[in-house]
Amino acid sequence: MHTPTNPQAHQYDALDAVLREELCWEVPADLTQRLLTMVPAVESKATTSVAAAHCPRRPQPWYTALVMLLTIATVTLSLMIGWQLAQFVSVSLGLVEFWHGLQQAPAAALAWFYEQLPGSRTVIEFALSLQDQLYWLLVAVVIWLTLDGLPNRRQVQQQAS
């Protein structure tokens, strides 16, 4: 497949090469030694590595538990206030009635459809029974594909030998 050439692609490649070269720095050994001599903890333990010398202390367990408890309390309080606010807004805007109407709309539409076309009840009942059969067919296909994807034990044993 031929891709059209971009006139700026060469510029991007050159810029990429320059950036890769400039962003890869190597620290001189004498600079590292001078910096290490400035740190008093590393001076006394010159044989230890920098990572071992700079080991951060963990907070006390009671402090961690207190922070976790306060965080849980804050999040719970925020969710409760948000829920109350959402309820207030939905009641004041009339969203509760709208939601109930939306839930009852399919039943009302089906009743209207039955009233307009009396023979449609048979077609809809057939479609619902077909839906149940298709559901079980879908379950069977998923199980079949899952089991079909598993390797045979004979093939696994032959490959292991």
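What counts, and where the lines are drawn
Residues numbered from 1 in each chain as written. Predicted model: local features only at pLDDT ≥ 70, side-chain atom pairs only at ≥ 80, totals over all residues. Heavy atoms only, no water. Helix = DSSP H or I, 4+ residues; strand = E, 2+ residues; numbered from the N terminus. Buried < 20%, exposed > 50% of the residue type's maximum accessible area, 1.4 Å probe, protein only. Patch = residues over 30% accessible without salt bridge, like charges linked within 9 Å, V, L, I, M, F, W, Y side chains within 5 Å. Areas by Shrake-Rupley, 256 points an atom, 1.4 Å probe, with all protein chains shown as cover. Salt bridge = Lys/Arg side-chain N within 4 Å of Asp/Glu carboxyl O. pLDDT = per-residue confidence, 0-100. Phe/Tyr/Trp six-rings, centres within 6.5 Å; stacked < 30°, edge-to-face > 60°. Lys NZ or Arg CZ within 6 Å of the ring centre and 35° of its normal. Contact = heavy atoms within 4.5 Å. Expected span 1.5 Å × (residues − 1). Axes fitted to C-alpha atoms, helices over the stretch in contact; angles between N-to-C directions. Parallel < 35°, antiparallel > 145°, perpendicular 65-115°, else oblique. Nonpolar A, V, L, I, M, F, W, Y, C, P; charged D, E, K, R; others polar.

Peer 1: Kindly report on the overall build of the protein, identifying the contributing residues and their values.
Peer 2: Along its length, the protein carries 8 helices and 0 strands. Written out in order from the N terminus, the α and β elements of the protein read α-α-α-α-α-α-α-α. Residue burial in the protein is summarised as follows: out of 161 residues, 3% are buried.

Peer 1: Provide a residue-level description of a nonpolar patch on the surface, including the pertinent values.
Peer 2: Nonpolar side chains collect at one region of the surface, where Leu85, Phe88, Val89, Leu93, Leu95, Phe98, Trp99 and Leu102 lie side by side and expose about 870 Å² of accessible area between them. When contributions to the nonpolar patch are tallied by element, the ones reaching two or more residues are α5 (61-93) and α6 (95-116). Along the chain, leucine 85 turns up in helix α5.

Peer 1: An account of the pattern of salt bridges is requested, with residue identities and associated values reported.
Peer 2: Summed over the entire model, instances satisfying the criterion amount to 1 salt bridge. Here aspartate 16 ties to arginine 20 by a salt bridge, and the two come within 3.2 Å at their closest N and O atoms. Placement of the pair is aspartate 16 and arginine 20 together in helix α1 (residues 9-22), with a separation of 4 residues, close to one helical turn. Judged by relative accessible area, which is 59%, arginine 20 ranks as exposed.

Peer 1: Go over the confidence of the model for the protein with me, naming the residues and quoting the values.
Peer 2: Here the protein shows a mean pLDDT of 82. Residues at 70 or above account for 80%. Model confidence for the protein, summarised as mean pLDDT per element, is weakest for helix α4 (residues 50-53) at 53 and strongest for α5 at 94.

Peer 1: Any chance you could break down the packing of aromatic side chains for me, citing the residues and the numbers?
Peer 2: Applying the stated criterion across every chain, the model contains 2 aromatic pairs. Ring geometry for tryptophan 62 and tyrosine 63: centres 5.9 Å apart, planes at 85 degrees, overall edge-to-face. A relative accessible area of 59% means that tryptophan 62 is categorised as exposed. Above the plane of the ring of tyrosine 114 lies arginine 121, whose end atom (NZ or CZ) is 4.0 Å from the centre.

Peer 1: Hey, could you go over the side chain of serine 120 for me, with residue numbers and the actual values?
Peer 2: By the element assignment, serine 120 lies in helix α7 (residues 120-149). Among the residues examined, serine 120 registers a relative accessible area of 9% and is labelled buried. Once you skip the residues sitting within four places of it in the chain, serine 120 turns out to touch Phe113 and Tyr114.

Peer 1: Explain α5 to me, using residue names and the numbers behind them.
Peer 2: In this model, α5 (33 residues) spans 48 Å end to end at C-alpha, consistent with the 48 Å of a helix rising 1.5 Å per residue. At the exit of α5 stands glycine 94, carrying a positive phi of roughly 80 degrees.

Peer 1: So what's going on with the packing of α6 against α7? Which residues, and what values?
Peer 2: The axes of two packed helices give the description: the angle between them and the distance between them. Contact pair α6 / α7: the axes reach a minimum separation of 8 Å and the direction vectors enclose 135 degrees. For the element pair α6 / α7, the angle class is oblique. Along its contact with α6, which presents Leu110, Phe113 and Tyr114, the element α7 presents Ser120, Arg121 and Ile124. For the contact of α6 with α7, the per-class residue count stands at 4 nonpolar, 1 polar and 1 charged.

Peer 1: Pulling in residues and values, what's your account of the side chain of serine 90?
Peer 2: Examined against the element boundaries, serine 90 turns out to sit in helix α5. Once residues within four sequence positions are removed from consideration, serine 90 is found in contact with Leu95 and Val96.

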